[in-house]
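Next come the chains, spelled out residue by residue.
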Amino acid sequence: MSQPARQMLLNAFNMNCVGHIHHGMWTHPLDRSTEFNDLSYWLDLARTLERGLFDGLFIADILGVYDVYQQGIGLTASEAIQLPVNDPLMLVSAMASVTEHLGFALTANLSYEAPYAFARRFSTLDHLTKGRVGWNIVTGYLDSAARAMGQTQLSGHDRRYDQADEFLDVSYQLWEGSWQDDAVPADRQQRRYADASKIHQIRHHGEFYQVEGYHLSAPSPQRTPLLFQAGSSERGTRFAARHAECTFVNGATPQAMRSQVDKLRQAARDAGRQPEDLKIFMGISVIVAPGETEAREKQREYLRYASPEAGIAHFSSSTGIDLSQFALDEPIRSGATRAIESVSKTYSGWTRRQLLEQHALGGRYALIVGDPGQVAESLINWLDETGIDGFNLTRIVNPQSYIDFIDLVVPELQQRGRYKTAYQPGSLRHKLFNHDRLPSRHPAARWRRPA
């Protein structure tokens, strides 16, 4: 018998700021992004996404500012290019209170965190959401953040991943090894809430971290939050193969995406895990309307509000190269950079004119435009041809992009059997992998203690 077609996973890709990916779109009359300081804006979004059965809200974040383009923040400030930007973790408790199933993948830069306090924050959120929290692990790519945090410059690309490996090892000891599963009897009659014999001090003395202490939180539903990671450099791929459960990748063509997917799954095998231990998400943008002509008209309208220059100002900081210094048709020379290594290599030799054309909608993500059936078929083709598991759907006009997708595309996907019609119960990890805890083959499992 033939296997049933795979159902796609879906996250909304957003950020606690005005301008996220599609720069300039905050000026569109239907866009509500300037309300990001208002909690009701986020509560409305969470309810909308749960109505659409989204698996999660993936919230990006940065420390530092985009100050590479024109060597300042002039355009960054005027176009609100991820500035101002607020802490994503502060939003989650409120959004969880008005939803039952929606997951939250939260970006946090470990380079400037202390594992001991950090582990408690995520355990707290995992408790309050009943296991609906994921951590998007990043090491940063902005010199401006390093300087703001007291360093002279960003440390080297691979060195940041070395530190990340150790940060994760410390965190695993806290999340998985400090408290045994039965450490909290909460026995009123015996006046014994927790059993001290089953709470263990971790003692870690490494190159980057020195930690001796008990985890401050009792075991949460997932213990370790669902682990996301975005990075396609050679070192980033090795890191993902060891730690990640979900990875976030981008590709201009199905062939390029398929190559990344195959590389990641083979790296997981090489790390002693299984290829299916990774769920791979692709960034995608969608413009949909009841008819194709209407969708194309909507695209033309959006282009009038978008800022291609703001898009490449954002891109400049991703590469570490001031793209304003190049003439329109002058090939861009990448050179050495401490920013996002894979991006710098991919776009070396492009011209600023080509980048402006690519960023016509303010960002460079793959774009699908069409009626509901066309969009659904295109998404299914990406899924089937590349081996990815799902998508991180960007906001173009926020929240209208998500509302259009939910009302028009989701029913089409459901009719084709490629999208769920109801949520499964359980934690975020359980919804994606059918278990609440990390599997025994994950490196975190070595710190577990028997009950």
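Look up: the structure comes first, before these words.
Residues numbered from 1 in each chain as written. Predicted model: local features only at pLDDT ≥ 70, side-chain atom pairs only at ≥ 80, totals over all residues. Heavy atoms only, no water.

1. Comments concerning the pattern of salt bridges
A pair can form between side chains of opposite charge whenever their charged atoms are brought close.
No. 1: Scanning the entire structure with this criterion turns up 30 salt bridges.
No. 2: Asp162 serves as the salt-bridge partner of Arg235, at 3.0 Å between the closest nitrogen and oxygen. Of this pair, Arg235 sits in helix H7 (residues 234-243) while Asp162 sits in helix H6 (residues 157-177), and the two are 73 residues apart along the sequence.
No. 3: A residue is classified by how much of its surface remains accessible, and Arg235, at 9% relative accessible area, is buried.
No. 4: Under the relative-accessibility criterion, Asp162 is labelled partly exposed at 33%.
No. 5: In this structure, the salt-bridge partner of Asp262 is Arg258, at a minimum N-O distance of 3.2 Å. One end of the pair, Asp262, and the other, Arg258, are both in helix H8 (residues 254-270), 4 residues apart, so they sit about a helical turn from each other. (Salt bridge = Lys/Arg side-chain N within 4 Å of Asp/Glu carboxyl O. Helix = DSSP H or I, 4+ residues; strand = E, 2+ residues; numbered from the N terminus. Buried < 20%, exposed > 50% of the residue type's maximum accessible area, 1.4 Å probe, protein only.)

2. Overview of the side chain of Asp169
No. 1: In this structure, Asp169 sits in helix H6.
No. 2: Those residues in contact with Asp169 that sit more than four places away from it in its chain are Arg242 and Trp447. (Contact = heavy atoms within 4.5 Å.)

3. So, the packing of helix H13 (residues 372-386) against helix H14 (residues 400-415)
No. 1: Running from N to C, H13 and H14 cross one another at 60 degrees; their axes reach a closest spacing of 9 Å. Comparing the axis directions of H13 and H14 gives the class oblique. By crossing handedness, the relation of H13 to H14 is classed as right-handed. Residues Pro372, Gly373, Val375, Ala376, Leu379 and Ile380 of H13 form the contact with H14, whose own contacting residues are Phe405, Leu408, Val409, Glu412 and Leu413.
No. 2: Within the contact of H13 with H14, the residues separate by chemical class into 9 nonpolar, 1 polar and 1 charged. (Axes fitted to C-alpha atoms, helices over the stretch in contact; angles between N-to-C directions. Parallel < 35°, antiparallel > 145°, perpendicular 65-115°, else oblique. Left-handed = near helix turned anticlockwise from the far one by under 90°. Nonpolar A, V, L, I, M, F, W, Y, C, P; charged D, E, K, R; others polar.)

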